[in-house]
Amino acid sequence: MRKIEAIVREEDFDRVQKALKQIGIVPMTTYPVKGRGVQGGVPPYELMPKIKIEIVVKDEDVEKVVNTILQNARRGIPGDGKIFILPVYEAIRIRTGEKGNDALY
Ligand SMILES: Nc1ncnc2c1ncn2[C@@H]1O[C@H](COP(=O)(O)OP(=O)(O)OP(=O)(O)O)[C@@H](O)[C@H]1O
Ligand SMILES: [Mg+2]
């Protein structure tokens, strides 16, 4: 399992989440964040608002999820966002006790 953390523009988030749903990736956690990349903000703002999306996916789904985010969040200009991919040790669905891939979706 991998956790995909994607930080995207606020205005692109709805398109990204809809596209993920279309490919069958429904569960996600999102939250508003403020951050900066290599350009260090946009004067006079030190930090810019973005949306962070977290999705824990099966190993075999990493590529299609990343490609879907790229296709729907890339404008080709600075500030488009970033994707981080982390290993996940375990997932457990509280209602049933299912573990691993079975607990995801
Ligand atoms: N190395 C990093 N660590 C943590 N968060 C980061 C990092 N790089 C970017 N971010 C987060 O991603 C958001 C978007 O980053 P951004 O798209 O500006 O990246 P970038 O590396 O500057 O690329 P670009 O040159 O395309 O702007 C930032 O506002 C910040 O929240
Ligand atoms: Mg940047």
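All figures in this text were calculated on a predicted structure; none of them were measured in a lab.

1. What to know about the site of ligand 1
Part 1 of the reasoning: The environment of ligand 1 is formed by Ile 7, Gly 35, Arg 36, Gly 37, Val 38, Gln 39, Pro 78, Gly 79, Asp 80, Gly 81, Lys 82 and Phe 84.
Part 2 of the reasoning: Between Gly 35 and ligand 1, the recorded distance is 3.3 Å, taken from a backbone N or O atom to an oxygen atom.
Part 3 of the reasoning: Alone, ligand 1 offers 610 Å² of accessible surface; in the complex the protein occludes 68% of this.
Part 4 of the reasoning: No other element matches the 3 residues that strand β4 (residues 81–87) contributes to the shell around ligand 1.
Part 5 of the reasoning: Its residues placed into classes, the shell around ligand 1 shows 4 nonpolar, 5 polar and 3 charged.

2. Quick look at the pattern of salt bridges
Part 1 of the reasoning: Evaluation of the coordinates by the stated rule reveals 11 salt bridges.
Part 2 of the reasoning: Among the salt bridges present, the one from Asp 80 reaches Arg 9, with a minimum N-O distance of 2.9 Å. Of the two residues, Asp 80 sits in the loop between α2 (62–73) and β4 while Arg 9 sits in the loop between β1 (2–8) and α1 (10–22), which places them 71 residues apart along the sequence.
Part 3 of the reasoning: Judged by its relative accessible area of 14%, Asp 80 falls in the buried class.
Part 4 of the reasoning: Connected via shared salt-bridge partners are Lys 3, Glu 5, Lys 52 and Glu 54.

Definitions and cut-offs
Residues numbered from 1 in each chain as written. Chains lettered and ligands numbered in written order. Predicted model: local features only at pLDDT ≥ 70, side-chain atom pairs only at ≥ 80, totals over all residues. Heavy atoms only, no water. Near = heavy atom within 4 Å. Polar contact = N/O pair within 3.5 Å; in protein donor to acceptor, adjacent residues only side chain to side chain. Areas by Shrake-Rupley, 256 points an atom, 1.4 Å probe, with all protein chains shown as cover. Helix = DSSP H or I, 4+ residues; strand = E, 2+ residues; numbered from the N terminus. Nonpolar A, V, L, I, M, F, W, Y, C, P; charged D, E, K, R; others polar. Salt bridge = Lys/Arg side-chain N within 4 Å of Asp/Glu carboxyl O. Buried < 20%, exposed > 50% of the residue type's maximum accessible area, 1.4 Å probe, protein only.

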